[in-house]
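Fold and contact review
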Amino acid sequence: MVVTRPSVTDVWAWLEDVPDPEIPVISVVELGIVRDVEWDDDTLNVTVTPTYSGCPATRVISIDIETALRDRGVQSVRLKTQIAPPWTTDWISEAGRRKLKDYGIAPPQEAGGPEACPRCGATTLSRISQFGSTPCKALWRCDTCLEPFDYFKCI
Amino acid sequence: MNAALFEFLCRMGDNTLVLGHRVSEWCGHAPVLEEDIALANTALDLIGQTQMWLGLAGEVEGQGRSADDLAYLRDAWDFRCLLLVEQPNGDFGQTIMRQFLFDALHELQLNELRASKDDRIAGIAEKSAKEVAYHLERSSETVIALGDGTEESHRRMQAALDVLWPYAGEAFLDDESDRALAETGIAVLPSTLGAAYGARVREVMAEATLQLPEGTFAHSGGRTGARHSEHLGHMLAQMQWLQRAYPGAVW
């Protein structure tokens, strides 16, 4: 029996459609947590790196990736976790940053705080808390429109 | 060497496990919502780090024990956490003071361990250090805000420091396994971190208008396992009861 192995390029494209369970507007590829995709004989190895070591979404992400690939007919998937080098917010793609902003989450900045309010664009902002609704986010407020918003923390 | 390495990994993993559990006890009880979330996030990071340290400990030991086995099926005398992290939460001020005294140590340890000759340890340290930078930033800021706050918050923070400070010194006592790992460049000798730790703590306490207690007495026996405080046993009874009552239970 000949097992057809989809190309690695196709697999990457499919993973582009797997959303992050906590921030569904951005895919696991755009988030930069898929490190590697390679065939080992008839098994597809997908290497994933966690964002925060205790993030509960990590396990859900692994299940979602496996399900998406099985739905495309990949029968044998092995998910590998790799912690070094550690994930950094620099790996979030340009498209990913744009989608975060459109969704109302200020994308990470080198300076350590949001550049502008994702709602009104004003730049006078206050930090409410360095910890937010998920491990990867902080809570900020716009001093102009007064709306609170999530900021994707730089790590 | 393996025994020393296992000891070291349990010390790292038990600190994060026990403090992570203690901090998680606040979930739903913190004074304000933002602090509740911050405490839960910190606990989550620490438990995540525990999985890496104790996972590697089990691997190094080579007897098929997983991180869960080590967390849920060892008794108090096999734990290697500092006495500091097993102390009860007390009020919010005491919890934050304990967090700061640990975060300041944790950051120094991890920064040194990033250069470990053991790649696995360097990898865990590199990953954890990013998270701990946020923990330390928050606990320092909060200690300063409450210490240099109202009369009442100042009084409570000073009381917390008086209670907890004698538990900090244990972290810098070297033993045989520390020396064995330091000689091979796998881990850093605890005593070499003492001066930088003292400087960091004094700096924050000065800003917080708090007085470090005089005297150098340090309780010890946590990181060697020789003499834990009574609090650890009570905590483990709560943390482990499910696995003890229903061995092998899974979600």
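An account of the accompanying structure is given in this report. All figures in this text were calculated on a predicted structure; none of them were measured in a lab. (Residues numbered from 1 in each chain as written. Chains lettered and ligands numbered in written order. Predicted model: local features only at pLDDT ≥ 70, side-chain atom pairs only at ≥ 80, totals over all residues.)

Brief notes about the packing of helix H6 (residues 119-147) of chain B against helix H7 (residues 151-164) of chain B
All names here are of chain B. Here H6 crosses H7 at 125°, and the two axes come no closer than 7 Å. With respect to H7, the axis of H6 lies oblique. Residues Val-143, Leu-146 and Gly-147 of H6 form the contact with H7, whose participating residues are Ser-153, His-154 and Met-157. Looking at the contact of H6 with H7 residue by residue, the classes come out as 3 nonpolar, 3 polar and no charged. (Axes fitted to C-alpha atoms, helices over the stretch in contact; angles between N-to-C directions. Helix = DSSP H or I, 4+ residues; strand = E, 2+ residues; numbered from the N terminus. Parallel < 35°, antiparallel > 145°, perpendicular 65-115°, else oblique. Contact = placed C-beta atoms within 7 Å. Nonpolar A, V, L, I, M, F, W, Y, C, P; charged D, E, K, R; others polar.)

Some points on the packing of helix H2 (residues 33-61) of chain B against H6(B)
Packed helices, taken two at a time, are described by the angle between their axes plus the distance between the axes. All names here are of chain B. Running from N to C, H2 and H6 cross one another at 165°; their axes reach a closest spacing of 11 Å. Between H2 and H6, the angle falls in the class roughly antiparallel. The element H2 and its partner H6 pack so that their crossing is left-handed. Across the interface between the two elements, Ala-38, Thr-42, Asp-45, Gln-49, Met-52, Trp-53 and Leu-56 of H2 pack against Arg-120, Ile-124, Ser-128, Glu-131, His-135 and Arg-138 of H6. The residue inventory of the contact of H2 with H6, partitioned by class, reads 5 nonpolar, 4 polar and 4 charged. (Left-handed = near helix turned anticlockwise from the far one by under 90°.)

Details of the pairing of strand E2 (residues 43-48) of chain A
All names here are of chain A. Of the strand pairs in this sheet, strand E1 (residues 34-40) and E2 are connected by 6 bridges, and their pairing is antiparallel. The partner of Asp-36 across the bridge, within E2, is Thr-47. The turn linking E1 back onto E2 is made up of 2 residues, and Asp-41 within it adopts a positive phi angle of 60°. Taken together, E2, helix H2 (residues 57-71) and strand E3 (residues 77-81) form a β-α-β motif whose crossover is right-handed. (Pairing = 2+ DSSP bridges. Right-handed = clockwise from strand over helix to strand, strands pointing away.)

Things to note about the sheet that holds E2(A)
Sheets are built from strands paired through backbone hydrogen bonds, the pairs being either parallel or antiparallel. Residues and elements named next belong to chain A. On the basis of which strands lie adjacent, the open sheet formed by 3 strands has the order E1-E2-E3 and mixed pairing. Each edge of the sheet is formed by a strand with only one pairing partner; in this case those strands are E1 and E3. The mean angle between the axes of side-by-side strands here comes to 20°, regardless of whether they run parallel or antiparallel. Where H2 meets the sheet, its contacts fall on E2 and E3, and the angle it forms with E3 comes to roughly 155°.

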